Amino acid sequence: MSSKPTCHLIRPESSYEGKQGLSYFTGIAAETVGSTGICMHLLTMPPGARARAHMHESHETAIYVLSGEVHTWYGDRLEQQIVAKAGDLFYIPAGVPHLPANLSDSPASAVIARTDPNEQESVVLLPELDGLVA
């Protein structure tokens, strides 16, 4: 077996449950293709879905909303809010607490890329913040 890097094709047909309480379609990650600097996957949030409050300790997140809209509360006490809609790009810096939710009656889908190649390692749950968002 060669140690030379090669290209990989991933068809997001299976999913995994993230620590955040959402189900992600399998994508590009250290676990699937041996990536060393990026993780990218697809997320579809059903109507009414909500993640647990969390942060990604040491990596950035970039989100492209494909369909629907997602409300995200963020900040030390989740005191700020943004609504990302289809066609929007949303950036979350490393270490920023956040909590996304789909408050609509339609699914919301997004492509999510992070600078940590692992699917879940640097996710830090923040249960003390969960009750701050009704």
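Everything in this summary refers to the structure shown in the same document. (Residues numbered from 1 in each chain as written. Predicted model: local features only at pLDDT ≥ 70, side-chain atom pairs only at ≥ 80, totals over all residues. Heavy atoms only, no water.)

Looking at the overall build of the chain
To keep things clear, this is the line we draw: Numbered from the N terminus, helices here are DSSP runs of H or I no shorter than four residues, and strands are runs of E no shorter than two. Throughout, radius of gyration means the C-alpha value; the globule benchmark is 2.2 Å times the number of residues raised to the power 0.38. Working definition: with a 1.4 Å probe on protein chains only, accessible area under 20% of the residue-type maximum means buried, over 50% means exposed, and in between means partly exposed. Computed with the Shrake-Rupley method and a 1.4 Å probe, the accessible areas treat only the protein chains shown as cover for residues. We treat Lys and Arg as the positive residues and Asp and Glu as the negative residues; His and chain ends play no part in the count. Charged side chains are reduced to one point each, which is NZ for Lys, CZ for Arg, CG for Asp and CD for Glu.
Of the regular secondary structure elements, the chain holds 2 helices and 11 strands. Sequence-ordered secondary structure for the chain, helices as α and strands as β, is β-β-α-β-β-β-β-β-β-β-β-β-α. A compact globule built from 134 residues would reach a C-alpha radius of gyration of about 14 Å, and the chain, at 15 Å, matches this within 12%. Along the first, second and third principal axes, the C-alpha atoms of the chain reach 55 × 30 × 25 Å. Here the chain, with 134 residues, has 40% of them falling under the buried criterion. A total accessible area of about 7400 Å² is found for the chain, and carbon and sulfur atoms account for 57% of it. Each charge sign in the chain was given a centre, from 8 positive and 15 negative side chains, and these centres are 3 Å apart.

Comments concerning a nonpolar patch on the surface
Threshold: Like charges within 9 Å and nonpolar side chains (Val, Leu, Ile, Met, Phe, Trp, Tyr) within 5 Å are joined into patches, using only residues over 30% in relative accessible area that form no salt bridge. Criterion for a salt bridge: a side-chain nitrogen of Lys or Arg within 4 Å of a carboxyl oxygen of Asp or Glu.
Nonpolar side chains collect at one region of the surface, where Tyr64, Leu66 and Leu89 lie side by side and expose about 320 Å² of accessible area between them. With respect to the helices and strands, the residue tyrosine 64 is situated in strand 5 (residues 61–67). Given a relative accessible area of 35%, tyrosine 64 falls into the partly exposed group.

Some points on the pairing of strand 5
The following threshold applies: DSSP bridges decide pairing: two strands pair if at least two such bridges lie between them.
Relative to strand 8 (residues 89–92), strand 5 is paired through 4 bridges, and the arrangement is antiparallel. The residue bridging tyrosine 64 from the neighbouring strand is leucine 89, located in strand 8.

Looking at the pairing of strand 3 (residues 39–45)
Of the two faces of strand 3, only the one carrying Cys39, His41, Leu43 and Met45 is buried; Met40, Leu42 and Thr44 on the other face are not. For strand 2 (residues 23–28) and strand 3, the ladder comprises 3 bridges, and the chain directions are antiparallel. Each residue of the ladder has a partner; that of isoleucine 28, found in strand 3, is methionine 40. Sheet topology note: the strand 3/strand 10 (residues 108–114) ladder contains 7 bridges and is antiparallel. Across the sheet, the residue bridging to cysteine 39 is arginine 114, located in strand 10.

Overview of the nonpolar core
Applied cut-off: Take the buried Ala, Val, Leu, Ile, Met, Phe, Trp, Tyr and Cys residues and link them wherever side-chain atoms come within 4.5 Å; each set so joined is a nonpolar core. Throughout, a contact is declared for two residues whenever any of their heavy atoms are within 4.5 Å.
Formed by 16 residues in total, the largest nonpolar core has its most connected members in Leu22, Tyr24, Leu43, Met45, Ile63 and Ile112. For this core, the elements supplying multiple residues, two or more each, are strand 3, strand 5, strand 8 and strand 10. Sorting elements by how many residues they give to this core places strand 10 first, with 3 residues. In contact with tyrosine 24, not counting residues within four places along its chain, are Ser14, Ser15, Tyr16, Gly18, His41, Leu42, Leu43 and Ile112. Residues Ala53, Met55, Leu99 and Ala101 belong to the second largest nonpolar core, which totals 9 residues.

Comments concerning the environment of serine 106
On the secondary structure map, serine 106 appears in the loop between strand 9 (98–101) and strand 10. Judged by its relative accessible area of 34%, serine 106 falls in the partly exposed class. Spatially, the C-alpha atoms of serine 106 and glycine 68 are 6.6 Å apart, while their sequence positions differ by 38 residues. Here serine 106 is in contact with Met45 and Pro47, once residues within four sequence places are set aside.

Description of the sheet that holds strand 10
Note the threshold: Note on definitions: angles span 0 to 180 degrees between N-to-C directions of axes, and those axes are lines fitted to C-alpha atoms, for helices only across the stretch in contact.
Across the sheet, which stays open at both edges, the 6 strands sit in the order 1-2-3-10-5-8 with antiparallel pairing between neighbours. Each end of this open sheet is capped by a strand with a single partner; those strands are strand 1 (15–17) and strand 8. In this sheet, adjacent strand axes meet at a mean angle of 30 degrees when their direction is disregarded. Sheet topology note: the strand 5/strand 10 ladder contains 6 bridges and is antiparallel. Bridge pairing links alanine 62 to alanine 113 in strand 10.

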